[in-house]
Amino acid sequence: MTTQAPAREQGRATAELSLLVDIGSAWTKAAVVGRALGRWRIVAHAAQPSAWDEDELIATLAGRLAGAADARVSRRIAALLADAPRIAVHTPARPGRIALGAVSSELSGQAARRAAEAAGWVVVEAVTVDDGRPVVERLSALQSAEVDAWLIAGGFDEEGGEGALEVAGLVAAARGGGRSPVVWAGSAGLTERVAAFFEPGVLRTVANPRPSADRENLLPLRRYLDGLIERLVERGAARQLAPIGFVRAVAELARASRLRVVGVDLGARYATWASADENGMAESRVVALGGLAAPMLTAPGGPQRIARTLPVAIDELAVADALQNLRARPGSIPQTEEELAVVHGAARHLLAELAANGPQPRGIDLLIGSGRTIGSAPLPAQAMQLLLDGIRPVGIVQVAIDPAGALGPLGALRDDEIVEGLGTLRDDLLTPLGAAVVCRGGRTGHLSMRVTVHRVGWRSLGPIEVRPGQLEVVPLPRGQVAELEIELDPGVSLGAPRRTRRLHASVSGGAVGVVLDARDAPLILPRRSDDRRAVLSAWRDTFQREVRPPAEGAA
Amino acid sequence: MIEASLHRIHLPRGTIVSAQVGAEIKPDEVIGLRRGAMAPVRVPVTRPLHRQPGEIEELLVVKPGDRVEAEQPLALVEGGGVVLAPVAGLVLAASGRDGTLLLAPLAAEESVIGHVRGRVRAVEEGSLVIEVPAARLQGVGGSGEAVHGELVVGVPNPGDELRAAAIDAGATGKILVGGSRASAETLTRARAMGVAGIVLGGVLDKELRDFEAIQRRRREAGGMTGAFGILLVEGFGKVGIDPQLFAWFRTHAGRVASLFGADGLLYVYDAAPLPTRRALARVGDRVIAHRRPFQGRGGVLVGMLEDLHAAQSGIPARMALVRFEDGRLAPVPLANIEATVLPEGR
């Protein structure tokens, strides 16, 4: 996006400023990019409920800059900000709604649903031949659904299948004509017969996401649905959509840094998972109702699941009300510690869901958390715990947050400009939390890992012994690099298959330090509620207590 | 003077709209007719025509998705027999295994009612857009169907709980304005007494779920009659209706209203403008708090704290100093309050 700065008035001091703005469904985040000591920096950032007007946001940013700006412009800073060029992204006004008909809920149905949800569609109704409902109920459910498009899946490519034709007929009967497109992503051999059920030109055919019982091929359907949502719901402005901008920025960051990067953006309505390899090849998952207002949190069983993972005793009924209020008023903030605990419990749960269904790279070098709940957590340690508990990134990973919400707007630039923007703002864009060594497995009574931290110019720390279910936090400030010497128990894995149980890794520090995490993946919690809360509060305390170095070893 | 708002009525597929653009409609007026589908029947096709089941597609003159009338040909053999539709219905599928056609008979014609009063602005695919000249209240949640009825205030004070005992036969067909909560028992009784809908300040999520579960079971068992909608105005938990809004409801008791439970929406006809809410409150504004520990409490914003301050949760926020109606003075995150503004701007 190219923007023009206003013409400068003759002889009057001015400032080179621009704004990066992410207008979310609940909160608007803005970062001011300005020149400080000859370098472009993020000089201020602020967030406010999206329902507030823009003047308020400008006034807040001006207030943050007032003390630091040059005296010649400080009185006009609000006007300069209001006129500054801006790069803005926004959350889609509404998600695309799709109805799904499939043969089996476990195979074709699940594959098609995952592809649709990854493209940002909301599956408002799903019927499958094996869903246990009478045909008339399925028909009625489809007829009542308010949708932008229809998706039919089922039948393996080699076999065809009567079930797929049955479900296509059901969709044809429920749809009853009209303009809404129908996507056929089922057995290739049935395409002509299914097309005959609809008016000419209505059916679009895409490769089967479940071509055989043992193979899944979601990408073509996912890509097609990406384009369809843009054509039907958000015409011609895809790059200005926050989820798309975020994915593009993560991809460019991965390419520029030659790292495998995973970025998660947890908003009020949308959740975005972006995974990119060293070449900048990105896979993403955009879940339209996957944010903190997600219906799954308040669905039956949801509050109970969240309550189980809280380190404090909050009864399920209070959790349910808190989650509903979060959904009803996403622009408000958790005021009490209990509310914050519930919000963080919900965020961990959503991140776990996102990670479980998101495209998984071969190991993660850098994990980035974005969105207000993560990026503006009261303590960096809370943000670190949210990311590690939710995603369980097995391996050795650097962890950072995007506190200003600037990644989305940067991703709205042209490809070459993104690289330039990332390079220019490299010191301010992300706040490093530190590194984590997250292992899977472990044997009771044995150490999971023994880690020695060799710090350049400082005495070494350790060896630090970490048992299954434990975690340790080792101080390592931002900018400091350490060499980790890790000795793993044979029952423990860091993700990739390794012959040696000893390995070395270089990590850099951050606001939290280095987390040695032997809590397994996924997290295993005691069944008894008292024991569970004791374990959860011990983990929370370990993250949040002032980090003290363990016994120092030889230099 | 109330400004008309546009309301979109979602029409189930297959509805034949009878309302014309420009027509004035009433809440109980029929705007379209629809024939739902009944449990499908299998119509033998290949056997009467003395063909193999696998040949069914060559014989059919209809296809899945088609709507057929009774006695309409479904399949035929040139110079041979014909298979006619036994009833009017929707063709769902043709089976090559047993040579039958799956046909969902159409049920008797049902009237589709819009539940709103206004002028038809547009007829679109799957919906009708109505210009509704009414006071419009958007709640934070709701449940149930679209209903309409006369407004009745069911509690003396906005912070009172609506009790089951307060609902009698006089409330039948009415939209009842409750207070800070209603139990599942109260909601069940209200529905059983024929109450059209209930407006509440708050409700416990658990109570609402219990009520919905009871309704679901009754629906499955059959015998459930009449629609019922719930509108939630402030939030979840025990939360009173804002006293200004409650006073407005009191002055509008007896007016006809339309409640859309699933959309969390209420229209009140022939009404004065509602007290409105402004997201960003200013010093001197009357405000209402939305998060615990002050959820649902009203007060006056008496000052703003300079810079960011940590809320009890530790989140740094812009804090407003609010003098609540019970006399307490407390800092509250500005994002957690809304200004309540009377129509005259007071």
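**Quick word on the overall build of chain A**
Part 1 of the argument: Assigned secondary structure in chain A consists of 19 helices and 23 strands.
Part 2 of the argument: For 555 residues, the compact-globule estimate of 2.2 N^0.38 gives 24 Å, and chain A sits close to it at 25 Å.
Part 3 of the argument: Here the C-alpha coordinates of chain A stretch approximately 75 × 75 × 45 Å along the principal axes.
Part 4 of the argument: Considering chain A as a whole, with its 555 residues, one finds that 53% of them fall into the buried category.
Part 5 of the argument: Considering only contacts within chain A whose residues lie at least 6 apart along the sequence, 71% involve residues at least 24 apart.

**Digging into the overall build of chain B**
Part 1 of the argument: The helix and strand inventory of chain B stands at four helices and 28 strands.
Part 2 of the argument: Against the globule reference of 20 Å for 346 residues, chain B gives a C-alpha radius of gyration of 27 Å, more extended than a compact globule.
Part 3 of the argument: Each principal axis of the C-alpha distribution contributes one length, and for chain B these read about 90 × 45 × 40 Å.
Part 4 of the argument: For chain B, buried positions account for 45% of its 346 residues.
Part 5 of the argument: The long-range fraction of contacts in chain B, counting pairs at least 24 apart against all pairs at least 6 apart in sequence, stands at 61%.

**With respect to the sheet that holds strand E13 (residues 134-138) of chain B**
Residue and element names in this part refer to chain B.
Part 1 of the argument: In space, the eight strands of this open sheet follow the order E13-E22-E21-E15-E17-E19-E20-E14, with mixed pairing throughout. One side of each edge strand has no neighbouring strand; the edge strands of this open sheet are E13 and strand E14 (141-144). Between one strand and the next, the sheet's axes are offset by a mean angle of 30°, whatever the strand orientation.
Part 2 of the argument: Both E13 and strand E22 (residues 265-269) contribute to a ladder of five bridges, which runs antiparallel. Bridge pairing in E22 places Ala135 opposite Val268.

**Re the interface of chain B and chain A**
By a frequent convention, interface size equals the accessible area lost on bringing the separate parts together.
Part 1 of the argument: Taken together, the contact between chain B and chain A spans 47 residues of the former and 49 residues of the latter.
Part 2 of the argument: Here the side of chain B that touches chain A gets four residues from one element, more than from any other, and that element is strand E9 (residues 89-94) of chain B.
Part 3 of the argument: Looking at the side of chain B that touches chain A residue by residue, the class counts come to 23 nonpolar, 15 polar and nine charged.

**Remarks on helix H8 (residues 219-232) of chain A**
One full turn of an α-helix is made of 3.6 residues, so residues set three or four places apart face in the same direction.
Residue and element names in this part refer to chain A.
Part 1 of the argument: Taking 1.5 Å per residue, 14 residues should reach 20 Å; H8 reaches 20 Å between its end C-alpha atoms and fits that length.
Part 2 of the argument: Those residues of H8 that sit buried are Leu221, Arg222, Leu225, Leu228 and Ile229. Seen end-on, H8 carries its buried residues on one side only, within an arc spanning 125°.
Part 3 of the argument: Elements in contact with the buried residues of H8: strand E5 (96-102), helix H4 (108-118), strand E6 (121-128), strand E7 (149-154) and strand E8 (182-186).

**A few points about the sheet that holds strand E3 (residues 24-25) of chain B**
Residue and element names in this part refer to chain B.
Part 1 of the argument: Taken in spatial order, the four strands make up an open sheet running E1-E12-E11-E3, and their pairing is antiparallel. A strand with exactly one partner marks an edge of an open sheet, and here the two such strands are strand E1 (5-10) and E3.
Part 2 of the argument: Where E1 and strand E12 (residues 127-132) come together, six bridges link them in antiparallel fashion. What sits directly across from His7, in E12, is Ile130.

**Topic: the environment of B:Ala134**
Residues and elements named next belong to chain B.
Part 1 of the argument: By secondary structure assignment, the location of Ala134 is in strand E13.
Part 2 of the argument: In sequence terms Ala134 and Asp210 are 76 residues apart; their C-alpha atoms lie 32 Å from each other.
Part 3 of the argument: Filtering out sequence-adjacent residues up to four positions away, Ala134 remains in contact with Ile2, Tyr267, Val268, Tyr269 and Ala271.

**Here's the deal with unusual backbone geometry**
Part 1 of the argument: The omega angle of the peptide bond from A:Ala521 to A:Pro522 is 0°, so this bond is cis rather than trans.
Part 2 of the argument: Note the cis peptide between B:Arg292 and B:Pro293, where omega equals 10°.
Part 3 of the argument: Here B:Pro293 lies in the loop between strand E24 (286-289) and strand E25 (298-310).
Part 4 of the argument: The phi angle at A:Arg258 is positive, at roughly 55°, despite the residue not being glycine.
Part 5 of the argument: With respect to the element layout, A:Arg258 can be found in the loop between helix H9 (242-257) and strand E10 (261-266).
Part 6 of the argument: When the 11 C-beta atoms within 10 Å are taken as the criterion, A:Arg258 is described as exposed.
Part 7 of the argument: Positive phi outside glycine occurs at B:Asp307, with the angle close to 60°.
Part 8 of the argument: Its place among the elements puts B:Asp307 in strand E25.

**A closer look at the pairing of E7(A)**
Residue and element names in this part refer to chain A.
Part 1 of the argument: Judged by how many residues are buried, E7 sits mostly within the fold: six of six residues are covered.
Part 2 of the argument: Side chains Ala149, Leu151 and Ala153 project from E7 onto one buried face, and the interleaved Trp150, Ile152 and Gly154 project onto a second face that is buried too.
Part 3 of the argument: Judged from the five bridges that link them, E5 and E7 form a sheet pairing that is parallel. Bridging from a neighbouring strand, Ile98 pairs with Ala149 of E7.
Part 4 of the argument: Looking at chain direction, E7 and E8 are connected through five bridges and run parallel. Bridge pairing links Ile152 to Trp184 in E8.

**Digging into the packing of H9(A) against helix H17 (residues 415-424) of chain A**
Residues and elements named next belong to chain A.
Part 1 of the argument: In contact at an axis separation of 10 Å, H9 and H17 are set at 70° when each is read in the N-to-C sense. On the basis of their axis angle, the class for H9 and H17 is roughly perpendicular. Residues Arg248, Ala249, Glu252, Leu253 and Ala256 of H9 lie in contact with H17, whose contacting residues are Ile418, Val419, Leu422 and Gly423.
Part 2 of the argument: For the contact of H9 with H17, the class distribution of residues is six nonpolar, one polar and two charged.

**A closer look at the environment of A:Pro92**
Residues and elements named next belong to chain A.
Part 1 of the argument: Here Pro92 lies in the loop between strand E4 (86-90) and E5.
Part 2 of the argument: You can call Pro92 buried: it has 23 C-beta atoms within 10 Å.
Part 3 of the argument: With 177 residues separating them along the chain, Pro92 and Arg269 place their C-alpha atoms 9.6 Å apart.
Part 4 of the argument: Once residues within four sequence positions are removed from consideration, Pro92 is found in contact with Gly120, Val233, Glu234 and Leu241.

**What to know about the nonpolar core**
Part 1 of the argument: Counting residues in hydrophobic clusters, the biggest one holds 218 residues, and the most contacted among them are A:Leu151, A:Ile152 and A:Val250.
Part 2 of the argument: Beyond its immediate stretch of four places on either side in the chain, A:Leu151 contacts A:Ile98, A:Leu100, A:Ala112, A:Ala116, A:Val183 and A:Ala185.
Part 3 of the argument: One finds B:Phe228, B:Phe236, B:Ile241 and B:Trp248 within the second-largest nonpolar core, a separate group that totals 57 residues.

**Section: helix H19 (residues 529-544) of chain A**
All names here are of chain A.
Part 1 of the argument: End to end, H19 covers 22 Å across 16 residues, agreeing with the expected 22 Å (1.5 Å per residue, within 8%).
Part 2 of the argument: Along H19, the residues classified as buried are Leu536, Trp539 and Phe543. The arc enclosing the buried residues of H19, seen along the axis, measures out at 60°, which places them on a common side. Projecting away from the buried face of H19 at angles above 90 degrees are the exposed residues Asp530, Asp531 and Asp541.
Part 3 of the argument: At its buried positions, H19 is contacted by helix H15 (380-391) and strand E19 (471-474).

**Quick look at the confidence of the model for chain B**
Part 1 of the argument: Here chain B shows a mean pLDDT of 91. Residues at 70 or above account for 98%.
Part 2 of the argument: As a predicted assembly, this complex carries a pTM of 0.86 together with an ipTM value of 0.86.

**Concerning the confidence of the model for chain A**
Residues and elements named next belong to chain A.
Part 1 of the argument: Chain-level pLDDT for chain A is 88 on average; 94% of the residues reach the 70-or-more range.
Part 2 of the argument: The low-confidence segment residues 1-10 (pLDDT under 50) makes nine contacts with residues lying over four places distant or belonging to another chain.
Part 3 of the argument: The model gives residues 551-555 a pLDDT under 50, and that stretch makes eleven contacts with residues more than four places away or in other chains.

Criteria and thresholds
Residues numbered from 1 in each chain as written. Chains lettered and ligands numbered in written order. Predicted model: local features only at pLDDT ≥ 70, side-chain atom pairs only at ≥ 80, totals over all residues. Helix = DSSP H or I, 4+ residues; strand = E, 2+ residues; numbered from the N terminus. Rg over C-alpha atoms; globule rule 2.2 N^0.38 Å. Buried ≥ 20, exposed ≤ 12 C-beta atoms within 10 Å, placed from the backbone. Contact = placed C-beta atoms within 7 Å. Pairing = 2+ DSSP bridges. Axes fitted to C-alpha atoms, helices over the stretch in contact; angles between N-to-C directions. Nonpolar A, V, L, I, M, F, W, Y, C, P; charged D, E, K, R; others polar. Expected span 1.5 Å × (residues − 1). Arc of directions from axis to C-beta. Parallel < 35°, antiparallel > 145°, perpendicular 65-115°, else oblique. Core = buried A, V, L, I, M, F, W, Y, C linked by C-beta atoms within 7 Å. pLDDT = per-residue confidence, 0-100.

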